[in-house]
Amino acid sequence: MIGTKGAQTSARLVESMLELIQARGYSGTGLNTVVEHARAPKGSLYFHFPEGKEALGEKAVELAAERFRALVVESALEPGSPGDLVRRVIDVLRGMLTDSDFQLGCPVSVVTLEMGAQSERLRDACANAFGSWIDPLADYLAAQGRPAPAARTLATAVVSTVEGAMIMSRAQRSTEPLRCAADVIATLLDQPLTGERSS
């Protein structure tokens, strides 16, 4: 069992891997750089992650997934319409981009694009991450009165649109794609339900 100090070192390594993936990509992140960035003892990486870089990358993706999932869940607890929820989430993402001078993007999409065809382990981690964002949004939309299949379809489209807008915003060094995505998604989600409620 890992003690408190060991758990802290492991957490720092995962946090550093996540930050470096966001800034440099998965392939551009070397393990020595991760150890230096985490200010961890040499040799600690293979002690905590004996399976190497893929295992550390998997944990970094899981951490990113949990943080974004928490953002969606917390935003859903605030008053307002489904469109308001999406705007709140996208506002946080816009802030992340501008605060980092467009250097930090979504690590899950980065790992998917770089490693999805090369590592089943990392592809599965990314698929699970996207699913963990779709699920609470689908549940929220269903609670708002949409049938479960329609709610899941919408939630999948929302996550896909936001991911694409994040990539475009980084490429253009502008949050305009995210603003456009927020406007279109909010308009779509806030349309009155007409005969959509399940029996």
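Residues numbered from 1 in each chain as written. Predicted model: local features only at pLDDT ≥ 70, side-chain atom pairs only at ≥ 80, totals over all residues. Heavy atoms only, no water.

Student: Quick one: what's the story with the environment of T161, residue by residue and with numbers?
Tutor: Relative to the assigned elements, T161 resides in helix 8 (residues 148-172). Relative accessible area serves as the criterion here: at 36%, T161 is assigned to the partly exposed category. C-alpha separation for the pair T161 and A186, spaced 25 residues apart in sequence, amounts to 12 Å. Once you skip the residues sitting within four places of it in the chain, T161 turns out to touch A181 and I185. (Helix = DSSP H or I, 4+ residues; strand = E, 2+ residues; numbered from the N terminus. Buried < 20%, exposed > 50% of the residue type's maximum accessible area, 1.4 Å probe, protein only. Contact = heavy atoms within 4.5 Å.)

Student: Please give an account of the UniProt feature "domain: HTH tetR-type" (unreviewed entry) in the protein chain that cites residues and values.
Tutor: In the numbering adopted here, UniProt assigns the feature "domain: HTH tetR-type" (unreviewed entry) to residues 7-67. Span residues 7-67 is 75% helix and 0% strand, its end C-alpha atoms 19 Å apart. (UniProt positions renumbered as here; feature names shortened; annotations may be inferred.)

Student: Which residues make up the packing of helix 6 (residues 107-115) against helix 7 (residues 120-143), and what values do they have?
Tutor: Where helix 6 contacts helix 7, the axes come no closer than 9 Å and their chain directions differ by 145°. As helix 6 runs across helix 7, the sense of the crossing is left-handed. In this structure, helix 6 contributes V108, S109, V111, T112 and M115 to the contact, and helix 7 contributes L122, C126, A129, F130 and W133. The class makeup of the residues in the contact of helix 6 with helix 7 is eight nonpolar, two polar and no charged. (Axes fitted to C-alpha atoms, helices over the stretch in contact; angles between N-to-C directions. Left-handed = near helix turned anticlockwise from the far one by under 90°. Nonpolar A, V, L, I, M, F, W, Y, C, P; charged D, E, K, R; others polar.)

Student: Explain the packing of aromatic side chains to me, using residue names and the numbers behind them.
Tutor: Tallied over the entire structure, the rule returns two aromatic pairs. Arranged with centres 5.5 Å apart and planes meeting at 85°, the rings of F130 and W133 form a pair that is edge-to-face. Highlighted residues: F130 and W133, both in helix 7, separated by three residues, approximately one helical turn. Clustering of aromatic rings is evident, with ring pairs tying together F68, F130 and W133. Taking NZ or CZ as reference, K53 lies 4.4 Å from the ring centre of Y26, over its face. (Phe/Tyr/Trp six-rings, centres within 6.5 Å; stacked < 30°, edge-to-face > 60°. Lys NZ or Arg CZ within 6 Å of the ring centre and 35° of its normal.)

Student: Account for the nonpolar core, naming residues and giving values.
Tutor: Soluble, globular proteins show a tendency: their nonpolar side chains are buried together. One finds L13 and L56 to be the most contacted residues of the largest nonpolar core, which totals 58 residues. Elements that contribute at least two residues to this core include exactly helix 1 (4-24), helix 2 (31-38), helix 4 (53-77), helix 5 (82-99), helix 6, helix 7, helix 8 and helix 9 (176-189). Per element, the largest residue contribution to this core is 10 residues, and it comes from helix 7. If sequence neighbours within four positions are ignored, L56 has contacts with L13, V14, M17, L31, V34, L45 and F49. (Core = buried A, V, L, I, M, F, W, Y, C linked by side-chain atoms within 4.5 Å.)

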